[in-house]
Amino acid sequence: MDCSFPPQDYPLVKKMTEEEADDDWQKYASGGFGSTDLDLWSDLTVEMEEPDAEEEFAQLNTHLQEIPPAPAPDGLKHLVRIGICDHCLGRLGGRSTIGRELVEIGTSLRQQVIERDNDMADAREKEQWCPFCENLFAEAKVLATIILEGLKGHEFDRLQLGAQFPKDQTENEDHLRKRFGASGSAPLKSCLMDEITKNLKEMDSDIKLVNEKPEIMALIDLLTLNVSLDVRSHYIYGRYLKHERGIPQTRWPCRSCKGRGCKKCDNTGQQYQHSIQSLVGDPLLSIYDSHDHAFHGMGREDIDVRCMGRGRPFVIELKNPLRRKVDMNEVMATINDNSEGRIEVHAMRDSQRSEVVRVKETPAEKSYRICFQVKAKSDEEGSEDLNALKKSELESLCSEKGLKKSGTKAVLIERLNDAGTTSHDAASITALLEGMEGVTLKQRTPKRVAHRRADKIRERKVMEVSNIKVKMIDGVPQVEVDLRCESGTYVKETVHGDDGRTVPSVSGLLDAQCHVQWLDVADIHAD
Ligand SMILES: [Zn+2]
Ligand SMILES: [Zn+2]
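Remember, it's a predicted structure, so these values are computed and weren't measured experimentally.

## Describing the overall build of the protein
And then number 1: Helix and strand counts for the protein come out as 18 helices and 14 strands.
And then number 2: When the 527 residues of the protein are sorted by exposure, 34% land in the buried category.
And then number 3: Considering only contacts in the protein between residues 6 or more positions apart, those separated by 24 or more positions represent 72%.

Here it is in structure tokens:
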């Protein structure tokens, strides 16, 4: 029998790529050390050079059928004769293992067998290959060392162990254990993982092993004795304010080069120089020694919309971090300094994966501040008359109406056309806006998003209308108002009506055109 196993060199710890880790996440998420029953090798054919184990025992003992299982004395003797190791003898010998180590139980059982039959004293020298664990218990300390080596430099509180066994080995052990071991004997996998855990704790008493939600999963491949580390992302919750328009929430690859980097994007690969994600995430990469981030917002505002008030809740995910214990005040100060006033973060704290789902699925009721101009629907006739006038005549017409006289002829005509074209004054506009409070809107999918959203009619409520300000600028009412709306309300459409697709709308009620000048998220009423 070949006794060159195990290999004496420590195998290298390999780090999983992000893709592998993502793929594997679900498989191991529930696989605690000592409880991982998933067989990840089910499609792998392991070539067994050894002859079938039971056949071999049959050759050793022609009265195989008469051998009772442990803990019968003959059963124990048979286990010793076929080369069982002390750990496996402790596991299969039928003694209580509570509060005792397997190796200790096994040693004492072996001693009992030898006392009855001294021929068994050198059984382990004759048969050095334990047919139950294939000598894996002898590797427990080596594996613990490899794991600790791999973990060097990682900051973590929660480590979980997982193991991949070749399917054939598991099945074979199962079969042999049930035939020769005492009934109720613990399976190889859980005992081996306990043994590795025990060794880990002896080497590092601070190490904390968990059965769920690990920060690092150490996966032991028991065929090759390789250990791979699946370093889980670190999550941080916070809220961001966006002070500047023109910043998208997440990274947006350059349309010309699709992110590879070209002249148009100044080799950044990004369509926009900044995003909330990059402003928040990029400074964190060096702080956490991570190589990439993902951004999860509680909804998002359009690129030209600012976000004020308490800001928008988000969770940022740092992938493959070495560090996890960082002073959050330092983190926030770094982000805010680097963003040069474009954004501001606050309320940041450590979070976890489950909060990504919560943040993404919370329907956030929002307040918006929206600014729009009120103009008459159209007056083609008037403009033709004005076109016939000279510039000086237009200027005197402007002064008659109390309007500014500056600008080109076209500007003057537009000013005169807009001025006083709506009969609404500040009081009537204010009264109408106040009447929108509590109204349920019917909103057909807006034209501007119809290409990517299903065309349907949604009902959304305007919860509150406040802070109405109306200014007359060149005879044109300019309105600013706060609208608190149900999650998912199309706010610009609520004002301009989207050609009758949103009913009622401010535009429809005024029977006028409402030109939206800008929009801000005034606050997000969540968390
Ligand atoms: Zn063994
Ligand atoms: Zn580009």
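## Here we look at the packing of helix α3 (residues 73-81) against helix α5 (residues 102-116)
And then number 1: Relative orientation of the contacting elements α3 and α5 amounts to 105°, with a least axis distance of 10 Å. Taken together, the axes of α3 and α5 lie roughly perpendicular to each other. When α3 is examined against α5, the residues Pro73, Leu76, Lys77 and Val80 are found in contact with a partner set consisting of Leu109, Arg110, Val113 and Arg116.
And then number 2: Partitioned by chemical class, the residues of the contact of α3 with α5 number five nonpolar, no polar and three charged.

## Quick notes on the environment of leucine 223
And then number 1: Mapped onto the secondary structure, leucine 223 falls in the loop between β3 (216-221) and β4 (226-231).
And then number 2: For the pair leucine 223 and glutamine 169, spaced 54 residues apart in sequence, the C-alpha separation works out to 9.3 Å.

## Notes on the environment of alanine 123
And then number 1: You can see alanine 123 is positioned in helix α6 (residues 123-126).
And then number 2: Of the residues examined, alanine 123 has 20 C-beta atoms within 10 Å and is grouped as buried.
And then number 3: Taking the C-alpha atoms as reference, alanine 123 lies 9.8 Å from leucine 79; in sequence the two are 44 residues apart.
And then number 4: Once residues lying within four places of it in the same chain are set aside, the contact partners of alanine 123 are Val80, Arg81 and Gly83.

## Observations regarding the nonpolar core
And then number 1: In this structure, Leu79, Ile84, Cys88, Cys133, Leu192 and Ala218 are the most contacted members of the largest nonpolar core, which totals 48 residues.
And then number 2: With sequence-adjacent residues up to four places away left out, alanine 218 is seen in contact with Ile147, Gly150, Leu159, Leu161, Val227 and Leu229.
And then number 3: The next biggest cluster of nonpolar side chains, apart from the first, holds 44 residues, and it includes Tyr237, Cys307, Ile316 and Ala512.

## Thoughts on the pairing of strand β14 (residues 513-525)
And then number 1: Bridge count between strand β7 (residues 306-319) and β14: two bridges; the pairing is parallel. Note that in β14 the partner of cysteine 307 across the bridge is valine 521.

## Things to note about α5
And then number 1: The terminal C-alpha atoms of α5 lie 21 Å apart, and with 15 residues this matches the ideal 21 Å at 1.5 Å per residue to within 8%.
And then number 2: Among all positions of α5, only Leu102, Ile105, Gly106, Leu109, Arg110 and Val113 are buried. Along α5, the residues classed as buried sweep out an arc of 130° about the axis, all on the same side. Turned more than 90 degrees away from the buried face of α5, the exposed residues are Gln111 and Glu115.
And then number 3: Those residues of α5 hidden inside the fold are in contact with α3, α4 (86-92) and α9 (188-203).

## Regarding the pairing of strand β9 (residues 365-375)
And then number 1: Note that β9 and β14 share 11 bridges and pair antiparallel. Within β14, the residue paired with phenylalanine 372 across the bridge is valine 516.
And then number 2: Bridge count for β9 against strand β12 (residues 476-485) is eight bridges, and the pairing is antiparallel. Each residue of the ladder has a partner; that of glutamine 373, found in β12, is glutamine 478.

## What to know about unusual backbone geometry
And then number 1: Looking along the chain, the bond that leaves alanine 70 and enters proline 71 is cis, with omega of 10°.
And then number 2: Here the residue pair valine 503 and proline 504 is connected by a cis peptide bond, since its omega of -10° sits within 30 degrees of zero.
And then number 3: Its location among the elements puts proline 504 in the loop between β13 (502-503) and α18 (506-510).
And then number 4: Within the chain, asparagine 135 stands out as a residue other than glycine whose phi angle is a positive 65°.
And then number 5: By the secondary structure assignment, asparagine 135 is in the loop between α6 and α7 (140-151).
And then number 6: Non-glycine residue asparagine 467 carries a positive phi angle of around 55°.
And then number 7: Examined against the element boundaries, asparagine 467 turns out to sit in strand β11 (residues 457-473).

## Describing the confidence of the model for the protein
And then number 1: Chain-level statistics for the protein give a pLDDT mean of 86 and a share of 86% at 70 or above.
And then number 2: The least confident element of the protein, judged by mean pLDDT, is helix α1 (residues 18-29) at 43; the most confident is strand β5 (residues 234-242) at 98.
And then number 3: In this model residues 17-50 is a low-confidence stretch, pLDDT under 50, and it forms 44 contacts with partners more than four residues away in sequence or in other chains.

## Digging into the packing of α7 against α9
A pair of packed helices is captured by two measures, namely the crossing angle of their axes and the spacing between those axes.
And then number 1: Viewed as axis vectors pointing N to C, α7 and α9 meet at an angle of 55°, and their least axial separation amounts to 8 Å. The orientation of α7 with respect to α9, classified from their angle, is oblique. Where α7 crosses over α9, the handedness of that crossing is right-handed. Only Leu192, Glu195, Ile196, Asn199, Leu200 and Met203 of α9 make contact with α7, whose side of the interface consists of Ala140, Lys141, Leu143, Ala144, Ile147 and Leu148.
And then number 2: Looking at side-chain class alone, the contact of α7 with α9 contains nine nonpolar, one polar and two charged residues.

Reading guide: rules and limits
- Residues numbered from 1 in each chain as written.
- Chains lettered and ligands numbered in written order.
- Predicted model: local features only at pLDDT ≥ 70, side-chain atom pairs only at ≥ 80, totals over all residues.
- Helix = DSSP H or I, 4+ residues; strand = E, 2+ residues; numbered from the N terminus.
- Buried ≥ 20, exposed ≤ 12 C-beta atoms within 10 Å, placed from the backbone.
- Contact = placed C-beta atoms within 7 Å.
- Axes fitted to C-alpha atoms, helices over the stretch in contact; angles between N-to-C directions.
- Parallel < 35°, antiparallel > 145°, perpendicular 65-115°, else oblique.
- Nonpolar A, V, L, I, M, F, W, Y, C, P; charged D, E, K, R; others polar.
- Core = buried A, V, L, I, M, F, W, Y, C linked by C-beta atoms within 7 Å.
- Pairing = 2+ DSSP bridges.
- Expected span 1.5 Å × (residues − 1).
- Arc of directions from axis to C-beta.
- pLDDT = per-residue confidence, 0-100.
- Left-handed = near helix turned anticlockwise from the far one by under 90°.

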